[in-house]
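# Structural features, examined
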Amino acid sequence: MYRIYKVILPILMLLLAAACSSDPLAGPDSAPAPVLPVCPEGPVEFGMLISLGDNGAERSYGDMPAGRATPSDGDYDPGAGYENFIDISAGDFALYIFSAGDASASAPRLIARAEITGLVPADGGTAESAKRYMCRFRVDDPMLLFDKATAKASFRLVMLANWHAWTLASGRWADYPVLAAGATLDELYAAAGSTREFPDVAVGPELTRDTRVPLFGVHGYSGIDLMANGLTDLDETLHLLRAFAKIEVYDAPDTKRAIESVSLTRCNTLFKCLPSRVYGKGDYVTGSHATDYVDHVSLPGDTCDTPGAAAPGVSTDIPFFKYSKGNSGKGSWIIYVPEYDNTSASATKAQIKVTYADKSSFMLDFKNYGQLATPAKDAPFDICRNNWYIYSLSRREHDVTVELDVQPYAECKVEPGLGLLADDMGDLMVYMVFDEESGEWVFPETFNAFRSEYGKELPKDPDGVELKFEREMGDYYAIHRGTDGTMAGSEIWLKDRDGDRVLTNFAPKDDNSQDCSTRKVIAYTGSHQEECHKDMDGDIRRQHNHNHSSVIYDEEKGLCFKDVDGKLYPVESWDESTGIFYVRATSADGTRYIFIEYDISGTETGNKVEVEIPEEERNSIR
């Protein structure tokens, strides 16, 4: 953050020089006339660069591009192979520009359909591995995009992909829906071309070019400097959502008998390529494991579809595929399916039939076996798009113990989580509990058993000193799974209340040390991470002053001066190299900003700059 503030410093220095000069400041008569923003007149063509989310994963699968269908928020597994593939070269995609609207269904309306005109390789890659795309579109009336007062554009970009791989219910090939100008996202959902046919044979264990999963994504962009006949870089990522669910079943390590076959009792024969009632990224990407992705099924013939549209038929007894690479190479049974209603009053529930070598069969339900936060224990749930349902089965002679993990499709595959809650990165959260008998804070027994089974040590600093658990600061231990997604391959981290990883213990008090009374952490913000120091209030410290005041970063207030009593004051600019910073204050009558210069001693230097506050801003300040 400080790089932004450093740019302001030269401007303040010029003001300071002017204030100390004997020459009077230039009056308002000498100021140039303001330049009013101008909106382009239509029809006009625009160019954009868009980025598709793939968690930064540099995976290669032959000639396939790296994954594009997963969000970068959190510690997610980006999927494998054709789970992420988009057939750009064959033109299997569509881009639509909708008006910005608001959060309601009817407000965003179709303005134009765009086309991809080129691929932009990232980080020196090739066109095949490109994650960014150039596209252009023509708008007859640019005022559908632009705010006349600011000349900035706001709109929603909708992308559809891989729909060509699936035919209509009639078996005919179909292109993407053709929408009239002014159409809504609800009309896109209800369009006949949005319903496709799912085969009555199993799809798996890996997707192929012919069974590539249909994708949908929508993202709102606002305040964009969109240049007519130019190229604008939209640096916010458009996340795509898969239309299928993935179901995986495997033997737990302690099972007494091995699975011989697995089948799904019911599967829909029609599906919707996009979800209903989704109008922006916030409707399906939240960065939280509990709320990520669509929370309802979208089925042909439902209340959001065209009246009279056909409901899906049902295939029965669909076999799973045995997959030798599944379950970290131990083998598993996998299938891909469209959404299925398992919870309505009229629903005939789908189940999973598991047969063992002794010909004994057991039925698994799509319900909470007790490991999930929601729904209630034993309550059923629907088979939803973009979810990965992972069943670990431990067979005894006459019964089967079921451990179920349901994760958004893009999440890391994990073994059942010891009944622990997960944080926003998916790490299992372990809090110490108070033992009344001993009067001490101790670990839960499940955590002790986990450490004993896998030989896990508590985290240490780079010098091998065990990290101290600071309960008053909201610390917790986190079980962080590695790339293989297993508990055996996991690490134990110490995290603070913000979910940031703690790397060191608190340094001792030292007037001349920047590390004074702080500990080093890795702070996470979305996909970004930064190694920094936090003080005992949990604030990120940017500068320690000699009198033990500091410059800190507050998530809500931005850069602040924290005085020796812990009070915060806004910092207008800060020069990291000199330690000089300016604290912003307001005059008693609310008409002037006063910028007070401080140095690394933590005290005022005596230099001040006063700037008149524009009339239109004064009311908000008062």
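Residues numbered from 1 in each chain as written. Predicted model: local features only at pLDDT ≥ 70, side-chain atom pairs only at ≥ 80, totals over all residues. Heavy atoms only, no water.

### Describing the overall build of the protein
Assigned secondary structure in the protein consists of five helices and 35 strands. For the protein, the proportion of its 622 residues judged to be buried stands at 51%. The contacts of the protein with a sequence gap of at least 6 include a subset with a gap of at least 24, amounting to 62%. Just so you have it, the protein exposes about 29,400 Å², and 51% of that area is on carbon and sulfur atoms. (Helix = DSSP H or I, 4+ residues; strand = E, 2+ residues; numbered from the N terminus. Buried < 20%, exposed > 50% of the residue type's maximum accessible area, 1.4 Å probe, protein only. Contact = heavy atoms within 4.5 Å. Areas by Shrake-Rupley, 256 points an atom, 1.4 Å probe, with all protein chains shown as cover.)

### Looking at the nonpolar core
Leu145, Ile352 and Tyr391 are the most contacted members of the largest nonpolar core, which totals 100 residues. Of all the elements, strand E6 (residues 152-161) adds the most residues to this core, at seven residues. Other than its neighbours up to four places away in sequence, Ile352 contacts Ile247, Val249, Val262, Ser263, Leu264, Phe320, Phe362, Met363, Leu364, Phe366 and Tyr391. (Core = buried A, V, L, I, M, F, W, Y, C linked by side-chain atoms within 4.5 Å.)

### What to know about the side chain of Asn386
Looking at the secondary structure, you find Asn386 in the loop between strand E18 (361-365) and strand E19 (387-395). One polar contact links the side chain of Asn386 to the main-chain amide nitrogen of Arg242, over a distance of 2.6 Å. (Polar contact = N/O pair within 3.5 Å; in protein donor to acceptor, adjacent residues only side chain to side chain.)

### Some thoughts on the sheet that holds strand E17 (residues 351-356)
Strands sit in the order E14-E12-E17-E18 across an open sheet of four strands; the sheet is antiparallel. The outermost strands of the open sheet, each flanked by one partner alone, are strand E14 (314-319) and E18. Sheet twist, expressed as the average angle between the axes of neighbouring strands with direction ignored, equals 20°. (Pairing = 2+ DSSP bridges. Axes fitted to C-alpha atoms, helices over the stretch in contact; angles between N-to-C directions.)

### Digging into the pairing of strand E8 (residues 215-224)
Across the ten residues of E8, seven count as buried, placing the element largely inside the fold. Pairing analysis gives eight bridges linking E6 to E8, with the strands arranged antiparallel. Bridge pairing in E8 links Phe155 to Tyr221.

### A short note on the packing of aromatic side chains
Taken as a whole and assessed by the stated rule, the structure comprises 25 aromatic pairs. Here the aromatic rings of Phe447 and Tyr477 are separated by 6.3 Å at their centres, their planes lie at 25°, and the arrangement is stacked. Of the two residues, Phe447 is situated in helix H4 (residues 445-454) and Tyr477 in strand E24 (residues 476-480); the sequence distance between them amounts to 30 residues. This pair shows no difference in class: Phe447 is buried, exactly as Tyr477 is. Taken together, the ring pairs in this structure connect Phe443, Phe447, Phe450, Tyr454, Phe469 and Tyr477 into an aromatic cluster. The aromatic ring of Tyr356 is capped on one face by Arg395, whose charged end is 4.8 Å from the ring centroid. (Phe/Tyr/Trp six-rings, centres within 6.5 Å; stacked < 30°, edge-to-face > 60°. Lys NZ or Arg CZ within 6 Å of the ring centre and 35° of its normal.)

### Structural notes on the environment of Phe137
Counting through the fold element by element, Phe137 comes out in strand E4 (residues 132-139). Sequence-wise, Phe137 and Arg113 are 24 residues apart; in three dimensions their C-alpha atoms are separated by 6.5 Å.

### Considerations on the confidence of the model for the protein
The predicted coordinates ought not to be read in detail in places where the model reports low pLDDT. Per-residue pLDDT for the protein averages 78, and the proportion of residues at 70 or more is 79%. Residue range residues 410-419 is modelled with pLDDT below 50. Its contacts to residues more than four positions away, or to other chains, number 43 contacts. (pLDDT = per-residue confidence, 0-100.)

### Quick word on the pattern of salt bridges
Tallied over the full model, the rule gives 23 salt bridges. Note that Glu339 is salt-bridged to Arg385, the shortest N-O span being 3.0 Å. In this pair, Glu339 is assigned in the loop between strand E16 (332-337) and E17 and Arg385 in the loop between E18 and E19, connecting sequence segments 46 residues apart. You can call Glu339 buried: its relative accessible area is 2%. One connected set of salt bridges, linked through shared partners, spans Asp496, Asp498, Asp500 and Lys534. (Salt bridge = Lys/Arg side-chain N within 4 Å of Asp/Glu carboxyl O.)

### Side note on the environment of Pro275
Note that Pro275 resides in the loop between strand E13 (270-272) and E14. Sequence separation between Pro275 and Val297 is 22 residues, and the spatial gap between their C-alpha atoms is 7.5 Å. With sequence-adjacent residues up to four places away left out, Pro275 is seen in contact with Tyr189, Phe216, Leu241, Val294, Ser298 and Arg385.

### Brief notes about unusual backbone geometry
With an omega of -10°, the peptide bond running from Gly204 to Pro205 counts as cis. With respect to the element layout, Pro205 can be found in the loop between strand E7 (195-197) and E8. Within the chain, Arg277 stands out as a residue other than glycine whose phi angle is a positive 55°. Mapped onto the elements of the fold, Arg277 is located in the loop between E13 and E14.

### Re the pairing of strand E25 (residues 491-495)
The buried count for E25 comes to four of five residues, which makes it a mostly enclosed element. Here E24 runs beside E25; their pairing, made up of five bridges, is antiparallel. Bridging from a neighbouring strand, Ile479 pairs with Ile492 of E25.

### As for the environment of Val406
Counting through the fold element by element, Val406 comes out in strand E20 (residues 400-408). Considering only alpha carbons, one finds Val406 and Trp388, 18 residues apart in sequence, at a separation of 5.9 Å. Not counting residues within four places of it along the chain, the set of residues in contact with Val406 comprises Leu372, Phe381, Trp388 and Tyr389.

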